[in-house]
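# Reading the structure
The lines below spell out each chain.
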Amino acid sequence: MKRFVAIVTGCGALIAAGVAWADHPIELGQTSNPPAVSCPTNCQAVGQVTGFTAQNGAGKHTFAPRRRGKVVAFSITLGKPKDSDISFFTNLFGGDPAAQISVLKPVPKKKQQFVVSGLSESFQLTPYFGSTPTFALSRPLTVKPGYVIALTVPTWAPAFAVGLGNDEVWRSSRDPAHCDDVQQKAAQVARGSTATYSCLYRTARLMYTVTFIPDPRITNPTKPKT
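Residues numbered from 1 in each chain as written. Predicted model: local features only at pLDDT ≥ 70, side-chain atom pairs only at ≥ 80, totals over all residues. Heavy atoms only, no water.

Structurally, the position occupied by Ser198 is in the loop between strand S12 (194-196) and strand S13 (199-202). Each C-alpha atom, one on Ser198 and one on Ser172, is 7.2 Å from the other, the two residues being 26 residues apart in sequence. Contact partners of Ser198, with chain neighbours within four places excluded, come to Gln112, Arg171, Ser172 and Pro176. (Helix = DSSP H or I, 4+ residues; strand = E, 2+ residues; numbered from the N terminus. Contact = heavy atoms within 4.5 Å.)

This is how it looks when you write it as structure tokens:
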């Protein structure tokens, strides 16, 4: 059987451009009609990589909130791979399927280079195949304007939608000289690690969303004492 191992993709567009300024929790990456994951039909997976959205339809910078806040949870839509697919991906990527969230801080004056400023614990995915589990983080991750919230897959995850339009665009942490090498270990799994996200891909989506709580805006500032 011919198999394809996907690299990684970003996720869906923000519900509306102005939502990034809301004071209530926001589900970044949520769309009204999300595509179906590839497994079990034409089963593909993402492996050993970190990635984020560059464009999702008309929306851009989906996982880059314009306000300071906290990431408190994420959801991931998982396909239901066959036993043969599970064995194939586990052998290829060297472990059971898992995923976590990385907060990326841009490196000044370095185009598309980011350093991990926050990293969640890793969550095992096998018990949730065929569903969309939500994982609450044990510790909220701080996000500042300009930061990007990415999905890190230390092993592999059947959370990939393929065959989409050219307006689905994502970036990965893979070596820019070897963007199509899906077996390189490129996942950013350590806080403080740096990677260049120059590998750009189209027509696929990584199926995850992030629960983001903006910091409250001060509406009644304290007047200084005279």
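Bringing the pairing of strand S4 (residues 69-76) into the picture now. Within S4, 6 of the 8 residues are buried, leaving the element largely enclosed by the surrounding structure. Pairing between S4 and strand S8 (residues 134-143): 6 bridges, direction antiparallel. Opposite Phe74, over in S8, you have Phe135 as the bridge partner. Both S4 and strand S15 (residues 208-214) contribute to a ladder of 7 bridges, which runs antiparallel. Note on S15: the bridge partner recorded for Ser75 is Thr209. (Buried < 20%, exposed > 50% of the residue type's maximum accessible area, 1.4 Å probe, protein only. Pairing = 2+ DSSP bridges.)

Attention now moves to the sheet that holds S8. Pairing is antiparallel across the open sheet formed by 4 strands, whose spatial order is S1-S15-S4-S8. In this open sheet, the two strands that pair with only one neighbour each are strand S1 (26-28) and S8. Each strand of the sheet is rotated relative to its neighbour by a mean of 30 degrees, with strand direction disregarded. (Axes fitted to C-alpha atoms, helices over the stretch in contact; angles between N-to-C directions.)

Turning to the pattern of salt bridges, a few remarks are in order. Under the criterion given, the structure shown has 2 salt bridges. In this structure, Asp215 and Arg68 form a salt bridge, with 3.3 Å as the shortest nitrogen-oxygen distance. One end of the pair, Asp215, is in the segment after S15; the other, Arg68, is in the loop between strand S3 (59-60) and S4, with 147 residues separating them in the sequence. We classify Asp215 as partly exposed; its relative accessible area is 26%. Of the charged contacts in the structure, one is a salt bridge between Arg205 and Glu168, with a shortest N-O distance of 2.8 Å. Remark: Glu168 occurs in strand S11 (residues 168-172) and Arg205 occurs in strand S14 (residues 204-206); sequence separation between them is 37 residues. (Salt bridge = Lys/Arg side-chain N within 4 Å of Asp/Glu carboxyl O.)

Geometric values such as these leave the question of function open.
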